[in-house]
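Fold and geometry: a report
Read off the chains here:
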Amino acid sequence: MQLPKLRTLQRATWLKVHLYLALSVGFLFALMGLTGSLSMYRVELDELLNPQLVIEQAQGSYQSLLIKSWPQSKRPIPLDMALGP
């Protein structure tokens, strides 16, 4: 008589463990998907949230402006936020 109760208790315990593990891992996957999709629209979201920082027409090339600003630099200065292909 004790064996079926113990088996039922073990099954219920494992079902709860499985439920909470699945919910927590599912939440992490949903969070990764959301942040991944937000990063795809990084430029558009930045323009939407910070309209005062948008430059409509660039005056000259960025590289020449950086070289004029830092003439002591001996190597090319990389740009992190390149928009073009």
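Every chain is numbered on its own, with residues counted from 1 as its sequence reads. Local features in a predicted model are, by the rule used here, given only for residues with pLDDT of at least 70; side-chain atom pairs are given and counted only at 80 or more, and totals for whole chains, interfaces and linings are based on all residues. Based on all heavy atoms of the structure, the side-chain values leave hydrogens and waters out of the count.

Segments assigned H or I by DSSP are reported as helices when at least four residues long, segments assigned E as strands when at least two residues long, and all are numbered from the N terminus. Looking only at helices and strands, the protein features 3 helices and 0 strands. Its helices and strands in sequence order give the protein the pattern α-α-α, from N to C terminus. A 1.4 Å probe rolled over the protein chains alone gives each residue an accessible area, and that area as a share of the maximum for its type sets the label: buried under 20%, exposed over 50%, partly exposed in between. Considering the protein as a whole, with its 85 residues, one finds that 1% of them fall into the buried category. To be clear on the numbers: accessible area is Shrake-Rupley with a 1.4 Å probe, and residue cover counts the displayed protein chains and nothing else. Of the roughly 8600 Å² that the protein leaves accessible, carbon and sulfur atoms contribute 68%.

This part covers a negative patch on the surface. Residues Glu 44, Asp 46, Glu 47 and Glu 56 make up a contiguous surface patch of negative charge. You can see Glu 47 is positioned in helix H2 (residues 42–49). Note on patches: the residues involved have over 30% relative accessible area and no salt bridge, like charges join within 9 Å, and the nonpolar side chains Val, Leu, Ile, Met, Phe, Trp and Tyr join within 5 Å. A side-chain nitrogen of Lys or Arg and a carboxyl oxygen of Asp or Glu constitute a salt bridge if their distance falls within 4 Å. In this tally, Lys and Arg are treated as positive and Asp and Glu as negative; His is ignored, and so are the chain termini. Charge placement uses NZ in Lys and CZ in Arg. For Asp and Glu, CG and CD serve respectively.

Let us now look at the confidence of the model for the protein. pLDDT runs from 0 to 100 and stands for how confident the predictor is about each residue. This prediction gives the protein a mean pLDDT of 80; 66% of its residues lie at or above 70. Of all helices and strands in the protein, the one with the weakest mean pLDDT is helix H3 (residues 62–69) (69), whereas helix H1 (residues 2–40) scores best (92).

Here we come to a nonpolar patch on the surface. Nonpolar side chains collect at one region of the surface, where Leu 34, Leu 38, Met 40, Tyr 41, Leu 45, Leu 48 and Leu 49 lie side by side and expose about 780 Å² of accessible area between them. Secondary-structure elements contributing two or more residues to the nonpolar patch are H1 and H2. Note that Leu 45 resides in helix H2.

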